[in-house]
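Fold and geometry: a report
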Amino acid sequence: MSDALPVYTGPERILSGMQPTGGLHIGNYLGALKHWVRLQEGKADCFYCVVDMHAITVAHDPADLPGRVRAAAAAYLAAGVDPSRSAVFAQSAVPAHAELAWIFQCVARLGWLERMTQFKDKAGKDAERASVGLFTYPVLQAADILIYKATHVPVGEDQKQHLELSRDIAARFNRDFGAGEAVLPLPEPVIPPSGAGARIMSLKDGTAKMSKSDPSDNSRINLNDDADTIARKIKKAKTDAEPLPASTAELDARPEARNLVGLYAALTGVSAQAVLDDHAGQGFGAFTPKLAEIAVEFIAPIAGEYARLIADPAEIDRILTSGAERARAAAEPVIAQVRGLVGYWKG
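Residues numbered from 1 in each chain as written. Predicted model: local features only at pLDDT ≥ 70, side-chain atom pairs only at ≥ 80, totals over all residues. Heavy atoms only, no water.

Attention shifts here to the overall build of the protein. Within the protein, the regular secondary structure consists of 14 helices and 5 strands. For the protein, whose C-alpha radius of gyration is 22 Å, the value lies close to the compact-globule estimate of 20 Å for 347 residues. Principal-axis analysis of the C-alpha atoms gives the protein an extent of 70 × 50 × 45 Å. Burial status across the protein gives 47% buried among its 347 residues. When contacts within the protein are restricted to residue pairs at least 6 apart in sequence, long-range pairs at least 24 apart make up 75% of them. (Helix = DSSP H or I, 4+ residues; strand = E, 2+ residues; numbered from the N terminus. Rg over C-alpha atoms; globule rule 2.2 N^0.38 Å. Buried < 20%, exposed > 50% of the residue type's maximum accessible area, 1.4 Å probe, protein only. Contact = heavy atoms within 4.5 Å.)

All told, the structure shown has 12 salt bridges when counted by the stated rule. Across the salt bridge formed by Asp82 and Arg85, the nearest N and O atoms sit 3.2 Å from each other. Here Asp225 ties to Lys233 by a salt bridge, and the two come within 2.7 Å at their closest N and O atoms. Among the charged side chains, a network of salt bridges with common partners joins Asp217, Arg220, Asp225 and Lys233. (Salt bridge = Lys/Arg side-chain N within 4 Å of Asp/Glu carboxyl O.)

We now examine the pairing of strand E2 (residues 45-50). With 5 of 6 residues buried, E2 lies mostly within the body of the structure. Sheet analysis places strand E1 (residues 13-18) next to E2, joined by 6 bridges and oriented parallel. Looking at E2, one finds that Ser16 is bridged to Tyr48. For the crossover from E1 across helix H1 (residues 26-39) to E2, the handedness is right-handed. Of the strand pairs in this sheet, E2 and strand E3 (residues 86-90) are connected by 5 bridges, and their pairing is parallel. Among the inter-strand pairings, Tyr48 is bridged to a residue of E3, identified as Val88. (Pairing = 2+ DSSP bridges. Right-handed = clockwise from strand over helix to strand, strands pointing away.)

With respect to the helices and strands, the residue Ala96 is situated in helix H4 (residues 96-105). Overall, Ala96 belongs to the buried group, its relative accessible area being 10%. In this structure, the C-alpha to C-alpha distance between Ala96 and Thr117, residues 21 residues apart in sequence, is 27 Å. Ignoring sequence-local partners within four residues, the contact set of Ala96 consists of Ile147, Ala331 and Ile335.

This next bit is on the packing of aromatic side chains. The description of an aromatic ring pair uses the distance of the two centres, along with the angle that the planes make with each other. By the definition in use, this model includes 9 aromatic pairs. Between Phe104 and Phe173, the aromatic rings sit 6.4 Å apart at their centres with planes inclined by 70 degrees, giving edge-to-face as the arrangement. One end of the pair, Phe104, is in helix H4; the other, Phe173, is in helix H9 (residues 160-177), with 69 residues separating them in the sequence. Across this residue pair, the class does not change: Phe104 and Phe173 are buried. One aromatic cluster is present, formed by Trp36, Tyr48 and Tyr76 through successive ring pairs. (Phe/Tyr/Trp six-rings, centres within 6.5 Å; stacked < 30°, edge-to-face > 60°.)

Turning to helix H13 (residues 284-310), a few remarks are in order. Of all the bends found along H13, the most pronounced is centred on Ala300 and spans about 40 degrees, while Pro301, a proline, follows it within four residues. Buried within H13 we find Phe284, Phe287, Thr288, Leu291, Ala292, Ile294, Ala295, Ile299, Ile302, Ala303, Tyr306 and Leu309. (Bend = angle between axes of the 7 residues up to and from the residue.)

Here H9 contains 18 residues, and its C-alpha end-to-end distance of 26 Å stays within 8% of the 26 Å for a straight helix at 1.5 Å per residue. What H9 keeps buried is the set His162, Leu163, Leu165, Ser166, Ile169, Ala170, Phe173 and Asn174. Downstream of H9 by a residue or two, Ala179 has a phi angle that is positive, lying close to 50 degrees. (Expected span 1.5 Å × (residues − 1).)

We now examine the state of the cysteines. Counted according to the given criterion, the structure contains 0 disulfides. Cys46 takes part in no disulfide bond, and the closest cysteine sulfur, belonging to Cys49, lies 12 Å away. (Disulfide = S-S within 2.5 Å.)

The next thing to look at is the side chain of Arg254. Examined against the element boundaries, Arg254 turns out to sit in the loop between helix H10 (227-235) and helix H11 (255-268). Polar contacts involving the side chain of Arg254 include one to the main-chain carbonyl oxygen of Glu242, which spans 2.9 Å. Polar contacts involving the side chain of Arg254 include one to the main-chain carbonyl oxygen of Pro243, which spans 2.9 Å. Beyond its immediate sequence surroundings of up to four residues, Arg254 is in contact with Asp240, Glu242, Pro243, Leu244, Pro245 and Phe284. (Polar contact = N/O pair within 3.5 Å; in protein donor to acceptor, adjacent residues only side chain to side chain.)

This next bit is on the environment of Phe89. By secondary structure assignment, the location of Phe89 is in strand E3. Note on Phe89: relative accessible area 0%, which makes it buried. Between the alpha carbons of Phe89 and Glu297 there is a distance of 29 Å; along the sequence they are 208 residues apart. Leaving out residues up to four positions away in the same chain, Phe89 has contacts with Phe47, Tyr48, Cys49, Val50, Val94, His97, Tyr148, Leu320, Gly323, Ala324 and Ala327.

All right, on to the packing of helix H8 (residues 137-146) against H9 then. One can describe the packing of H8 onto H9 by two numbers: an axis separation of 9 Å at closest approach and a directional angle of 70 degrees. In this view, H8 runs roughly perpendicular relative to H9, as classed from their interaxial angle. Here H8 and H9 pass one another in a crossing that is right-handed. Along the contact surface, H8 presents Tyr137, Pro138, Val139, Gln141, Ala142, Ile145 and Leu146, while H9 presents His162, Leu163, Leu165, Ser166, Ile169 and Ala170. Here the residues of the contact of H8 with H9 sort into 10 nonpolar, 3 polar and no charged. (Axes fitted to C-alpha atoms, helices over the stretch in contact; angles between N-to-C directions. Parallel < 35°, antiparallel > 145°, perpendicular 65-115°, else oblique. Left-handed = near helix turned anticlockwise from the far one by under 90°. Nonpolar A, V, L, I, M, F, W, Y, C, P; charged D, E, K, R; others polar.)

So, in structure tokens, the structure goes:
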């Protein structure tokens, strides 16, 4: 008799999302959005949501949230996500996310959540004053994934631990309620191809990841920045006094230089070493104007499409409504199955 665990045999599905906590930037595009676009070319059904339920785990302005959801959706679309092939929607428009999250809170264990490093990072020294929602954020994230029985999730290094929790919750649910069947898949990570661009750092600090929540707008290149703004930000980016070296190994102790070379490589589709082969010995006074020119050319079509979309909120709302309908249609049979398995009253 085999002790092998049952294998999930459902359709392949992909789920990912971003918080509407600020304008999306070039790091979001290079690290995630361009891979979302690539993934929708395959056979899997893709669900790309704006995770506004996660956004309220910290202080926020309710009046601003709908506009920020539209802005994030516009950035997805401007980057190339196709709403005819991928469901683009607001997380809160699918109530099953919240219902499954509660069930998963009863499946997950406190010790699992206490090991989550992102809560410690976000809560800082005032952890006891943080919202319970921030603490249970990873459980809602598991529900986001598994309400669609997503089999694959594009993730960066900082989200791997949360995906492992999603797998643990799915495995525990299958064991406790699955009657020997793999009711829920154990989602697999989709890691972006290795190379430049997977992790773009702040223009103000080469040791910190570029972030849309950074209080300094000069720390990032936003997807809707105009040419003058991009050129100014790159000109003011933190550098060092040394010329560019001949090899990437020599960048290891130079985080700002490594970041700008990596950004150049990502925007041009070449290796960091190839960038150094062409620019070794140059100072940043010569290098950054070239980088600015490349960045302006790269961002221009995305920024143009973003501007067109954001000027037509009715079109964005139509896409979000249609995407939510598709997402609810996929989620409803899953939550119905889960409700039955945990023994809810059928009425």
